[in-house]
Amino acid sequence: MNPAATNPPVATPFFFYLLAATMIIGGILVITRKNAVHSAMALITALLAQSGLYLMLYAPFVAGVQIILYAGGIMVLFLFVIMLINIERTVKERQFNKQWLVGIVAAAALGGLFIAVYTTATAGKPLFPEGRVTYGEGQNTQAVAALLFDRSAGQYMFAFEIASLLLLVAIIGAVVMAKKRI
Amino acid sequence: MDAMLHITTLHYLVLGAALFLLGVIGVLTRRNVVIVLMSIELILNAVNLNLVAFSRYWQGIHGAGALHGQVFAIFVITDAAAEAAVGLGILIAFFRNKETVNVDEVNLLKW
């Protein structure tokens with residue numbers, strides 16, 4: 001018997017609300033800070049909290065990828081670019097564009113749509129009746145690899161190859177964009 | 001009270017919707033291109049959270065091997081990396097030409 005099935009996780013609501021609050025506060029800081037470096041730091045905090053949520057959802061491989069690739073790779077790229085183009089006067093300038101009111105109204109409409117969907121869909125019956133099945137993390141990485149690479153069970157092998165092609169195009173595109181003269 | 005303490009898929013979906021909204025507000029209102037790109041990352045992460053939560057729900061129905069949501073999340077992370085690289089490359093080229101990082105000063109194609 002796999003130990004995770006016999007030992008369910010402890011204090012799930014506490015950690016869910018802690019990580020969710022960290023993510024929300026991080027997100028709010030990302031869109032309100034004047035200094036782009038502070039925004040990047042808040043985004044890194046939110047991404048790390050999100051990898052904790054992935055662990056709670058029994059997705060250890062995605063959690064690791066989140067930390068290594070997002071918090072470690074993409075955010076370092078962001079910080080490099082901020083250092084390259086950071087100009088002191090952007091902190092003193094107006095931070096929001098002239099259409100900010102329209103943007104807030106559009107976002108509020110989207111939020112109203114979300115609230116309407118989630119409340120009407122959950123009225124009466126639960127939207128997602130939960131079986132409360134606990135699965136161990138032990139086989140997760142192998143199962144993801146089987147879906148990606150296995151010749152018989154792997155349904156995403158072609159998509160994986162396309163993704164590698166996409167990354168190649170992105171590398172070439174980034175070099176072409178950032179280079180002064182080609 | 002039970003609905004608050006029993007963490008279900010819906011809790012993750014609501015959190016994902018909140019993060020998505022924060023990202024949309026950031027994209028629509030901020031002037032700094034770097035922060036707009038970071039808001040896009042926030043949106044992609046909200047989608048990823050939903051995908052992994054749905055993957056967990058799907059596992060409850062189809063067994064532990066049904067990890068399609070997690071595979072999708074990995075593909076979204078790949079796309080986010082490509083998008084960040086190209087977006088920041090464009091940003092560097094733009095900054096070299098116009099000496100600014102504000103989106104509302106990109107108005108060459110505006111009538």
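Refer to the structure presented above.
Notes on the structure follow. Just so you know, these numbers come straight off a predicted model, no measurement behind them.

Regarding the overall build of chain A
Here is step 1: Broken down by element type, chain A carries 8 helices and 0 strands.
Here is step 2: Its helices and strands in sequence order give chain A the pattern α-α-α-α-α-α-α-α, from N to C terminus.
Here is step 3: Counting across all 182 residues of chain A, residues that qualify as buried make up 34%.
Here is step 4: In chain A, the proportion of contacts linking residues at least 24 apart, taken out of those at least 6 apart, comes to 58%.
Here is step 5: Summed over all atoms, the accessible surface of chain A reaches about 10800 Å², with 73% contributed by carbon and sulfur.

A look at unusual backbone geometry
What you tend to see is this: most non-glycine residues have negative phi, and most peptide bonds are trans.
Here is step 1: A positive phi angle, close to 60 degrees, is found at A:Y58, a residue other than glycine.
Here is step 2: Along the polypeptide, A:Y58 turns up in the loop between α3 (36-56) and α4 (60-85).
Here is step 3: Not every positive phi belongs to a glycine, and B:E99 is a case in point at roughly 55 degrees.
Here is step 4: Relative to the helices and strands, B:E99 is located in the segment after α4 (68-98).

Section: helix α6 (residues 100-122) of chain A
Structural remark: α-helix, 3.6 residues per turn; residues separated by three or four positions point the same way.
Here is step 1: Under the 1.5 Å per step criterion, the end-to-end length of α6(A) is 33 Å for 23 residues, consistent within 8% with the ideal 33 Å.
Here is step 2: Considered for burial, the residues of α6(A) that qualify are A:G103, A:A107, A:G111 and A:Y118.

Description of a nonpolar patch on the surface
All names here are of chain A.
Here is step 1: On the surface, L165, L168, V169, I171, I172, V175 and V176 cluster together into a nonpolar patch covering about 640 Å² of accessible area.
Here is step 2: One can find V176 in helix α8 (residues 157-178).
Here is step 3: You can call V176 partly exposed: its relative accessible area is 40%.

Overview of the packing of aromatic side chains
Here is step 1: A full pass over the atoms with the stated rule returns 8 aromatic pairs over all chains.
Here is step 2: For the pair A:F149 and A:F160, a centre-to-centre distance of 4.9 Å together with 85 degrees between the ring planes defines the contact as edge-to-face. With a gap of 11 residues between them, A:F149 in helix α7 (residues 140-149) and A:F160 in helix α8 connect regions that are remote in the sequence.
Here is step 3: Its relative accessible area of 43% is what places A:F149 among the partly exposed residues.
Here is step 4: Take A:F160: its relative accessible area is 32%, and that puts it in the partly exposed class.
Here is step 5: Within the aromatic cluster, the residues linked to one another by ring pairs are A:F16, A:Y17 and B:Y12.

Cut-offs applied
One numbering rule holds for all chains: residues counted from 1, following each sequence as written. Throughout, the order in which chains and ligands are written sets their labels, letters from A for the former and numbers from 1 for the latter. This being a predicted model, a pLDDT of at least 70 is required before a residue's local features are given, and a value of 80 or more before pairs of side-chain atoms are given or counted; all residues contribute to the totals for chains, interfaces and linings. Calculated side-chain values reflect all of the structure's heavy atoms, with hydrogen atoms and water omitted. The way it works is that DSSP assigns letters per residue, a run of H or I at least four long becomes a helix, a run of E at least two long becomes a strand, and they are numbered from the N terminus. Relative accessible area decides the class of each residue, using a 1.4 Å probe on protein chains only: under 20% of the type maximum gives buried, over 50% gives exposed, and in between gives partly exposed. By definition in these notes, contact holds between two residues if any of their heavy atoms fall within 4.5 Å. Note on areas: these come from Shrake-Rupley sampling with a 1.4 Å probe, and a residue is covered only by the protein chains present in the view. Expected span of a helix: the number of residues minus one, times 1.5 Å. Note on patches: the residues involved have over 30% relative accessible area and no salt bridge, like charges join within 9 Å, and the nonpolar side chains Val, Leu, Ile, Met, Phe, Trp and Tyr join within 5 Å. The salt bridge criterion pairs a side-chain nitrogen of Lys or Arg with a carboxyl oxygen of Asp or Glu, the two atoms within 4 Å. Stacked, edge-to-face and tilted are the three classes for Phe, Tyr and Trp ring pairs, Trp counted by its six-membered ring, which pair at centre distances within 6.5 Å; planes under 30 degrees apart are stacked, over 60 edge-to-face, the rest tilted.

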